[in-house]
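Fold and geometry: a report
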Amino acid sequence: MRTMLNGMRRSRRLLLLVALQTLFLLGLSGSYYAAGWWGEEIRLQTEPVDPRDLLYGDYVILNYEISSLKPELWKESGEKPDSGEVIYVVLKPDNEGIYRAIGAYADKPAVSGDEKIIKGKVSYSWDEAITVKYGLERYYVPEGTGGELEDKTKDTIVQVKIAPWGQMRITGLEL
């Protein structure tokens, strides 16, 4: 009787563990799709480059205008951020609806009106610029079209949706 109870407890624990792992994976993938459903769309200026990934096919590396921030955009007192630090960049649309950086902060600031915040990680910081990665630097395209995309234009506008909780997702390119 006792071994039967121990066996039932183990199987309940195993079932609970499997359920928790499944919920975690569903939540992770759901947050990506939820950014597309509930996120607000913004437009960013970029310049594409065409590499290839053996596992995923062609993709375009997107180097954003907001990836290289001028030092005067750093609004915190003291030193500029070091490599690896997380920063928050405040964006505001210009007359053409393209969002441009207006400030960078160590902690998430309050914004108003049509301003948006995106989170990035400093990859390099020096006297001339603060280089930031946002996790939006790769955009996968149908095989064989990456080079064609690069040849068509040097300036591309990227449409990005930002969910209220900060998740970002590329939704399209404007040539």
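Up top is the structure.
Residues numbered from 1 in each chain as written. Predicted model: local features only at pLDDT ≥ 70, side-chain atom pairs only at ≥ 80, totals over all residues. Heavy atoms only, no water.

**A word on the overall build of the protein chain**
Of the regular secondary structure elements, the protein chain holds two helices and eleven strands. Put simply, the protein chain runs from its N terminus to its C terminus through helices and strands in the order α-β-β-β-β-β-β-β-β-β-α-β-β. The buried share of the protein chain, taken over its 175 residues, is 34%. Expressed as a percentage of contacts within the protein chain between residues at least 6 apart in sequence, the contacts between residues at least 24 apart total 63%. Accessible surface, the protein chain: about 11,500 Å² in total, of which carbon and sulfur atoms supply 54%. (Helix = DSSP H or I, 4+ residues; strand = E, 2+ residues; numbered from the N terminus. Buried < 20%, exposed > 50% of the residue type's maximum accessible area, 1.4 Å probe, protein only. Contact = heavy atoms within 4.5 Å. Areas by Shrake-Rupley, 256 points an atom, 1.4 Å probe, with all protein chains shown as cover.)

**Some remarks on the environment of Tyr59**
Along the polypeptide, Tyr59 turns up in strand β3 (residues 57-64). Placed 83 residues apart in sequence, Tyr59 and Pro142 show a C-alpha to C-alpha distance of 8.1 Å.

**Re a nonpolar patch on the surface**
Where nonpolar side chains cluster on the molecular surface, the patch consists of Leu16, Leu20, Leu23 and Leu26 and spans about 430 Å² of accessible area. Structurally, Leu16 is set in helix α1 (residues 2-38). (Patch = residues over 30% accessible without salt bridge, like charges linked within 9 Å, V, L, I, M, F, W, Y side chains within 5 Å. Salt bridge = Lys/Arg side-chain N within 4 Å of Asp/Glu carboxyl O.)

**Describing the pattern of salt bridges**
In the structure shown here, the tally under the stated rule is five salt bridges. Taking the shortest distance from any N to any O, the salt bridge between Asp94 and Arg100 comes out at 3.0 Å. Asp94 gets classed as partly exposed once you look at its relative accessible area, which sits at 27%. Through salt bridges with shared partners, one network takes in Glu65, Asp94 and Arg100.

**So, the sheet that holds strand β7 (residues 116-125)**
The five strands are arranged β4-β8-β7-β5-β6 in an open sheet whose pairing can be described as antiparallel. In the strand order of this sheet, the two ends are held by β4 (68-69) and β6 (99-105), each with one partner. For strand β5 (residues 86-93) and β6, the ladder comprises six bridges, and the chain directions are antiparallel. Residue pairing for β6: Leu91 is matched across the bridge by Ala101. (Pairing = 2+ DSSP bridges.)

**Some words on the pairing of strand β8 (residues 130-133)**
Of the two faces of β8, the one lined by Ile130 and Val132 is fully buried and the one lined by Thr131 and Lys133 carries no buried residue. As paired strands, β7 and β8 are joined by four bridges and run antiparallel to one another. Counterpart to Val122 in the pairing with β8 is Val132. Between the antiparallel neighbours β7 and β8 lie four residues.

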